[in-house]
Amino acid sequence: GIAISAWIIYSGIMIVMESARVLMDAGVDEETLGEYREEVLQIEGVDHVDSLSTKPVGAKSILIVKISVDRDMTVIRSHEIGKKIEEELLGLHPELADIIVHINPDLPHKNGIHE
């Protein structure tokens, strides 16, 4: 009886913690974001990562990636890079439900703002 009670209490705590994470819109930790960033930068054609964030969806997360690519690249080629990011990271990380990739042209920056 005590073991079953302990299991029920543990399960209840885990359910509350997971629900709170989703309700508070908590993303993954900075170390995990750093891993995702490094993996995105390994994809050929990615100039740099502009931003990276996650949103919880149930027990998984959606990764939102904003990258910059060569401004003279074709739209088709830039979308191939976006698709490659999705395929690579979804294959490596079962905790990700989906990946949204936003592609920007690599424009000159002045004080952190595109010219």
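As a starting point, this report considers the structure included with it.

The rules we used
- Residues numbered from 1 in each chain as written.
- Predicted model: local features only at pLDDT ≥ 70, side-chain atom pairs only at ≥ 80, totals over all residues.
- Heavy atoms only, no water.
- Core = buried A, V, L, I, M, F, W, Y, C linked by side-chain atoms within 4.5 Å.
- Buried < 20%, exposed > 50% of the residue type's maximum accessible area, 1.4 Å probe, protein only.
- Helix = DSSP H or I, 4+ residues; strand = E, 2+ residues; numbered from the N terminus.
- Contact = heavy atoms within 4.5 Å.
- Pairing = 2+ DSSP bridges.
- Axes fitted to C-alpha atoms, helices over the stretch in contact; angles between N-to-C directions.

**A few points about the nonpolar core**
- If you look at the biggest cluster of nonpolar residues, it comprises 16 residues, and the most contacted ones within it are Val40, Leu52, Leu63, Ile67, Ile85 and Leu89.
- Elements supplying a minimum of two residues to this core: helix 2 (30-41), strand 1 (48-57), strand 2 (60-69), helix 3 (75-92) and strand 3 (96-105).
- A per-element tally of this core places strand 2 first, with four residues.
- Leave out the neighbours within four places in its chain, and Leu52 touches Leu33, Tyr36, Arg37, Val40, Leu63, Ile64 and Val65.

**Digging into the environment of Lys83**
- Position of Lys83 relative to the elements: it lies in helix 3.
- Considering only alpha carbons, one finds Lys83 and Ile100, 17 residues apart in sequence, at a separation of 9.6 Å.

**Considerations on the sheet that holds strand 2**
- One open sheet holds the three strands; their spatial order is 1-2-3, and the pairing between them is mixed. Lying at the two open borders of the sheet, with one neighbouring strand each, are strand 1 and strand 3. Each strand axis lies, on average, 15° off the axis of its neighbour in the sheet, ignoring direction.
- Sheet topology places strand 2 next to strand 3; nine bridges connect them, and they run parallel. Each bridged residue has a counterpart across the sheet, and for Ser61 the counterpart in strand 3 is Leu96.
- On top of the sheet, helix 2 reaches strand 1, strand 2 and strand 3; it is set at about 130° to strand 1, its chief contact.
- Its contacts with the sheet place helix 3 against strand 2 and strand 3, and it is angled at close to 155° to strand 3.

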